[in-house]
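# Topology and contacts: notes
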Amino acid sequence: YLANGNKIKEVYLKIAPREYREETENLFNRVHHSLSNYLLGQVIIAIFVGIYIALGLSIVGIKYSFLIGSIAGILNMIPYVGFFSGFIPSILLAIFDNGDFYHIIGVLIVFFSEVAIENLLYPTVMSKTTGVSPLLVLLSIFLGGIYGGILGIIIAVPLIVMLVPIFLSIMEKK
């Protein structure tokens, strides 16, 4: 569960009118559960990215591959940051430390294959952990990018993960 979730819930329940407190608590619990599962999905993806990059760079022969993979995996929870935090040092090591075409191409293959695999894996993992359709996850990222740029992409999935339980609760009430 999210840190301070109970404190936030208490504030909302104090604000809510008495006749809506039970419904508000149920809705809050659903949103809280959905967001917690979103974070779990992010951690799963981050672990995958870290391991994939570390192993890939190790096979290619790049020094510090496990350190780079670990940092890229952790920072992968922030869109684009994880990719570049691993790609830039890896390509620099391939150029300046190894200095041959094989290592540079190897780094490019590792990172661009990771992006391709992650783009296939991300909607599936988010769907399994949050219960939100993979198509809805992709649509939210697409619309977030169109209407909000980088910030829109960053908040698109958590926003849709919060809105789906609210929407379902409204539909159940009708």
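To keep things clear, this report deals only with the structure shown in the data block. (Residues numbered from 1 in each chain as written. Predicted model: local features only at pLDDT ≥ 70, side-chain atom pairs only at ≥ 80, totals over all residues. Heavy atoms only, no water.)

Turning our attention to a nonpolar patch on the surface. Together, I78, Y80, V81, F84, I88, L92, I95, F96, I150, L151, I154 and I155 make up an exposed nonpolar region whose accessible area comes to about 1,100 Å². When residues of the nonpolar patch are traced back to their parent elements, those giving at least two are α4 (81-98) and α6 (134-173). No other element matches the six residues that α4 contributes to the nonpolar patch. (Patch = residues over 30% accessible without salt bridge, like charges linked within 9 Å, V, L, I, M, F, W, Y side chains within 5 Å. Areas by Shrake-Rupley, 256 points an atom, 1.4 Å probe, with all protein chains shown as cover. Salt bridge = Lys/Arg side-chain N within 4 Å of Asp/Glu carboxyl O. Helix = DSSP H or I, 4+ residues; strand = E, 2+ residues; numbered from the N terminus.)

Once that is clear, we can look at the nonpolar core. Burial of nonpolar side chains together is a common tendency in soluble globular proteins. Core analysis: the largest hydrophobic core is formed by 28 residues, its most contacted members being L57, V107 and F111. At the level of elements, α2 (21-60), α3 (65-75), α4, α5 (101-130) and α6 are the ones that each hand at least two residues to this core. The dominant element in this core, judged by the number of residues it contributes, is α2, at eight residues. Apart from residues no more than four positions distant in its own chain, F111 is found in contact with I53, L57, F83, G86, F87 and S90. (Core = buried A, V, L, I, M, F, W, Y, C linked by side-chain atoms within 4.5 Å. Buried < 20%, exposed > 50% of the residue type's maximum accessible area, 1.4 Å probe, protein only. Contact = heavy atoms within 4.5 Å.)

Before going further, it helps to examine the pattern of salt bridges. All told, the structure shown has two salt bridges when counted by the stated rule. In this structure, E172 engages R30 in a salt bridge whose closest nitrogen and oxygen atoms are separated by 3.0 Å. With E172 in helix α6 and R30 in helix α2, this residue pair connects regions lying 142 residues apart in the sequence. Of the residues examined, E172 reaches a relative accessible area of 58% and is grouped as exposed. A relative accessible area of 28% means that R30 is categorised as partly exposed. In this structure, K63 engages D97 in a salt bridge whose closest nitrogen and oxygen atoms are separated by 3.6 Å. Of this pair, K63 sits in the loop between α2 and α3 while D97 is found in helix α4, placing the two residues 34 residues apart along the sequence.

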